[in-house]
Amino acid sequence: MHRITKILLSVGLSVGISTAAMSQQIELATPTVGSRFEYLWSYGGRDTFTIVGTNGGRLQARLEQDFEDDGVIDEIGLQYWDLNSRLWLAHVGLSYATIYAPSTDAQMPTALFDGLYFSGTFDLMTIDDLTTLFSTWSQVISSCDYLRSKEMAETPTGLFSTLEIACTDNDVSPGSTITDDPVPTYQYSELWSLELGMPVVQSFGIDQSTGEAEDFSLLVAYSLN
């Protein structure tokens, strides 16, 4: 496994810390419209994100997916993150969509701090076929820790100062909580470059007992406007 991925997975989830106890606000750059970021996945695919907007508190990017990294674009879609928290919110493709909508009582972070803890409920909507609007709905409780990385992240594009966002998702029945409706959890972690305002390392489906990830991606190229 790549060395930086080992560094990333070695960081565990922290205990929630109140805003008053936080010592340092973290400033993430906002990538400019037209900037491009390319990622290679552990399975061999390549993703290219082109920033198309930052309106309405959303970071919006056009995603071109090359599953075999053979130069042929297999899928095109749009992805959205919350601009303040950088939590992933939606993917809308040509034939399907996945949308995480924060529930009305989910107070999204408005500023980032080293040691920030977030927990909120999201409504998850998946539309498998946009032509027929066949869809499913569920709820997810996301809990995330924001940790200023002590080590520089090493990628094929260089060294970066980063903020780690380490999250655990719990699927729940409507109106339930984690404690009274326990289910298997999904854990992932991302290193966001302070300078670029985009991830440089992403690990998904982390096994909590071994620290191994089902999949990870590395930033391998970028161009800024």
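Given the structure is predicted, the values throughout are model-derived calculations rather than measurements.

Student: Looking at this model, I keep getting lost on unusual backbone geometry. Mind explaining?
Tutor: Backbone phi values are negative for most residues with the exception of glycine, while trans is the configuration of most peptide bonds. Look at Asp69: it is not a glycine, yet its phi comes out positive at around 55°. Looking at the element boundaries, Asp69 is found in the loop between β4 (58–66) and β5 (75–82). Judged by relative accessible area, which is 32%, Asp69 ranks as partly exposed. Its identity is not glycine, yet Arg86 carries a phi of approximately 60°, on the positive side. Relative to the helices and strands, Arg86 is located in the loop between β5 and β6 (88–93). Of the residues examined, Arg86 reaches a relative accessible area of 2% and is grouped as buried.

Student: Can you walk me through the packing of aromatic side chains in this structure?
Tutor: Each aromatic ring pair is specified by the distance between its two centres and by the angle formed by the two planes. Enumeration over the complete set of coordinates arrives at eleven aromatic pairs. Aromatic side chains Phe49 and Trp81 sit 5.7 Å apart centroid to centroid with 55° between the ring planes, which places their arrangement in the tilted category. You can see Phe49 sitting in strand β3 (residues 46–53) and its partner Trp81 sitting in strand β5, a full 32 residues away along the chain. Given a relative accessible area of 7%, Phe49 falls into the buried group. Here Trp81 falls in the buried class, since its relative accessible area comes to 2%. A centroid spacing of 6.2 Å and a plane angle of 90° characterise the contact between Trp81 and Trp192, whose relative ring orientation is edge-to-face. On the criterion of sequence distance, the pair formed by Trp81 in strand β5 and Trp192 in strand β14 (residues 185–193) is long-range, its members being 111 residues apart.

Student: Would you mind showing me how to read the sheet that holds strand β9 (residues 116–129) here?
Tutor: Taken in spatial order, the twelve strands close into a barrel running β2-β3-β4-β5-β6-β7-β9-β10-β13-β14-β15-β16, and their pairing is antiparallel. In this sheet, adjacent strand axes meet at a mean angle of 25° when their direction is disregarded.

Student: I tried to follow the confidence of the model for the chain on my own but got confused; where do I start?
Tutor: Keep in mind that low pLDDT regions are not for reading the predicted coordinates in detail. Taken over all residues, the pLDDT of the chain has a mean of 86, while the share at 70 or more is 85%. Taken as a whole, residues 1–20 scores under 50 in pLDDT and shows 42 contacts with residues more than four places along the chain or in a different chain.

Student: Just to check I follow, could you spell out the environment of Ala213 for this structure?
Tutor: Secondary-structure assignment places Ala213 in strand β16 (residues 213–223). Each C-alpha atom, one on Ala213 and one on Tyr188, is 8.1 Å from the other, the two residues being 25 residues apart in sequence.

Student: Can you walk me through the pattern of salt bridges in this structure?
Tutor: Should their charged atoms come close, side chains of opposite charge can pair. Summed over the entire model, instances satisfying the criterion amount to four salt bridges. Here Asp69 and Arg46 are joined by a salt bridge, their closest N and O atoms 2.9 Å apart. Of this pair, Asp69 sits in the loop between β4 and β5 while Arg46 is found in strand β3, placing the two residues 23 residues apart along the sequence. Look at Arg46 and you get partly exposed, because its relative accessible area is 21%. A salt bridge links Asp82 to Arg58; the nearest nitrogen and oxygen atoms lie 3.4 Å apart. Placement of the pair is Asp82 in strand β5 and Arg58 in strand β4, with a sequence separation of 24 residues. Using a relative accessible area of 8% as the deciding quantity, one classes Asp82 as buried. Through salt bridges with shared partners, a single network forms among Glu38, Arg46 and Asp69.

Student: Help me understand the side chain of Gln139, please; the structure alone is not making it clear to me.
Tutor: Within the secondary structure, Gln139 is located in strand β10 (residues 134–148). A distance of 3.1 Å separates a polar atom in the side chain of Gln139 from a polar atom in the side chain of Asp123.

Definitions and limits used
- Residues numbered from 1 in each chain as written.
- Predicted model: local features only at pLDDT ≥ 70, side-chain atom pairs only at ≥ 80, totals over all residues.
- Heavy atoms only, no water.
- Helix = DSSP H or I, 4+ residues; strand = E, 2+ residues; numbered from the N terminus.
- Buried < 20%, exposed > 50% of the residue type's maximum accessible area, 1.4 Å probe, protein only.
- Phe/Tyr/Trp six-rings, centres within 6.5 Å; stacked < 30°, edge-to-face > 60°.
- Pairing = 2+ DSSP bridges.
- Axes fitted to C-alpha atoms, helices over the stretch in contact; angles between N-to-C directions.
- pLDDT = per-residue confidence, 0-100.
- Contact = heavy atoms within 4.5 Å.
- Salt bridge = Lys/Arg side-chain N within 4 Å of Asp/Glu carboxyl O.
- Polar contact = N/O pair within 3.5 Å; in protein donor to acceptor, adjacent residues only side chain to side chain.

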